[in-house]
Every structure is written in C-alpha cells, then in structure tokens.
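Notes for the structure review
Listed here are the chains, written in short residue letters.
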Amino acid sequence: EKLYESEKEKCELDMLVDLARNDLNRFCYNVLVSNYREPLILEHIIHTQATVSGKLKTEYSPIEAILSSINAGTLVGVPKRKAMEIIGTLENEPRQYYGGNLIHMQPNGHLVAIILIRTAFLDKNKITFQAGSSIIFEANKEYEYWECGAKLKNLLSLIKQDQHCFNENNPPKIVMNEKNIIQNH
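One structure accompanies this document, and this report is about it. (Residues numbered from 1 in each chain as written. Predicted model: local features only at pLDDT ≥ 70, side-chain atom pairs only at ≥ 80, totals over all residues. Heavy atoms only, no water.)

**Considering the pattern of salt bridges**
Under the defined criterion, the tally for this structure stands at six salt bridges. Across the pair Glu12 and Lys8 runs a salt bridge whose closest N-O atoms are separated by 2.7 Å. Of the two residues, Glu12 and Lys8 both sit in helix 2 (residues 7-25), four residues apart, roughly one turn of that helix. The two residues Glu12 and Lys8 agree in class, both being buried. A salt bridge links Asp14 to Lys10, with the nearest nitrogen and oxygen atoms 2.8 Å apart. With Asp14 and Lys10 both in helix 2, this residue pair falls four residues apart, about one helical turn. The partly exposed category is assigned to Lys10, whose relative accessible area is 29%. In the salt-bridge network here, residues are joined through shared partners; they are Lys8, Glu9, Glu12 and Glu144. (Salt bridge = Lys/Arg side-chain N within 4 Å of Asp/Glu carboxyl O. Helix = DSSP H or I, 4+ residues; strand = E, 2+ residues; numbered from the N terminus. Buried < 20%, exposed > 50% of the residue type's maximum accessible area, 1.4 Å probe, protein only.)

**Points about a nonpolar patch on the surface**
Side chains of Ile63, Leu67, Ile70, Ile103 and Met105 sit close together on the surface and give an oily, nonpolar patch of about 400 Å² of accessible area. Mapped onto the nonpolar patch, the elements with two or more residues apiece are helix 3 (62-69) and strand 3 (101-105). Mapped onto the elements, Ile63 comes out in helix 3. (Patch = residues over 30% accessible without salt bridge, like charges linked within 9 Å, V, L, I, M, F, W, Y side chains within 5 Å. Areas by Shrake-Rupley, 256 points an atom, 1.4 Å probe, with all protein chains shown as cover.)

**Brief notes about unusual backbone geometry**
Notably, Asn30 is not glycine yet its phi reads approximately 50 degrees, a positive angle. Inspection of the secondary structure puts Asn30 in strand 1 (residues 28-41). Asn30 gets classed as exposed once you look at its relative accessible area, which sits at 53%. In the Ramachandran plot, Asn35 falls in the positive-phi region, its phi being about 50 degrees despite a non-glycine side chain. When you line up the elements, Asn35 lands in strand 1. Of the residues examined, Asn35 reaches a relative accessible area of 41% and is grouped as partly exposed.

**Comments concerning the packing of aromatic side chains**
Summed over all chains, the structure comprises two aromatic pairs. Ring plane angle 35 degrees and centroid distance 5.5 Å describe the contact between Tyr143 and Trp146, whose orientation is recorded as tilted. Taken together, the positions of Tyr143 and Trp146, both in helix 6 (residues 141-161) and three residues apart, correspond to about one turn of that helix. Overall, Tyr143 belongs to the partly exposed group, its relative accessible area being 34%. What makes Trp146 partly exposed here is its relative accessible area of 46%. (Phe/Tyr/Trp six-rings, centres within 6.5 Å; stacked < 30°, edge-to-face > 60°.)

**Brief notes about the pairing of strand 4 (residues 111-115)**
Here five bridges tie strand 3 to strand 4, and the two strands are oriented antiparallel to one another. Paired with Met105 across the bridge in strand 4 is Leu111. Hairpin remark: strand 3 followed by strand 4, antiparallel, with five residues in the connecting loop; positive phi at Gly109, about 95 degrees. (Pairing = 2+ DSSP bridges.)

Listed below in structure tokens is the structure:
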C-alpha cells in the first residue's frame, strides 16, 4: 500500500515509462503502455512496473532497433549522451555487461531482448555483483543504496541455490563494485 501511495515511486516509474516510450517511438508505431504499476514481488523487494511495447516499423530490423537503443535511457538517464559522460566521470570502474542487452533470436524470427540490470560476474572463486536505482530529484540516497543491496540479495539467493556456483566447502568472495566485500557465513 505504501508503494502505491509513494509519489516518488510513481514519479520514478513515470520517468522510466517515458524513456522507454521515447526509445520505442523511434522504431515502432502503436507504442502502448500496459500493466501500469503492476506489482513485481521479489524475495527482498517489491517494485511496480509497466510493459511498454510497440509494432516494429517495416524500415527497421529488430537488431537495428535494439542496437540503436543501447544504452537504454532507463539505465543512464537523459539526455543520454551527456548522462553517459557524467556516469563515466563518477563511476570508478567500467559497467561491463551491466546495462547492456542480452538478445536471443528465435528460429521463427522473433527477438527476445532483456536489459541486464542486476548482474553477477563469476570468475573462478569470485562473484562480482552490480545493480542500480533510478534516481530522481526527490530520491533519498540512503534508501536508494539500501534498495540496490536488496536487489542484489535476490540474485545472491539464486546463486546460493545453485550447487555449481556456490560450494559451501569453498565459498566465493562476494564483491559489490570492487569496494564493499561481503564475507560469507
């Protein structure tokens, strides 16, 4: 209930929906928003979300549309080019795959693409996590930092369930942004 009453949460979702609509309108017609403020309930956090979809214009291929939309405005902000310059000066390390796209072209020609917004990089006995938050003027930086951690707890829960990734006899070092090292218990 508090989530639906939060003007800040509504403003964040509205900003993300507008950015997604702007990206899609360059390549699609009949851009629609559905499932607006639909709850997404995860183990450690609850979000509201929306679906933004459209029909691809005939002069564009799915790959052209996806490649021209990277980096999604929903992950870097607007204006996109300037926001990416600012991010480059503020972040101490490259984002690697975080914020990029994972694309699967199906045999029937359908394209499935997702933006990598919560990532875990596995390297031998080390797992590096990345997550982010949408920041608006009204945002509380302590809450946003907590929210990033809560998002990563979901990913950590999945990894701990996977016997190939997480061996209790030899637990990996868990790293968040190369600075905050979390010891396993």
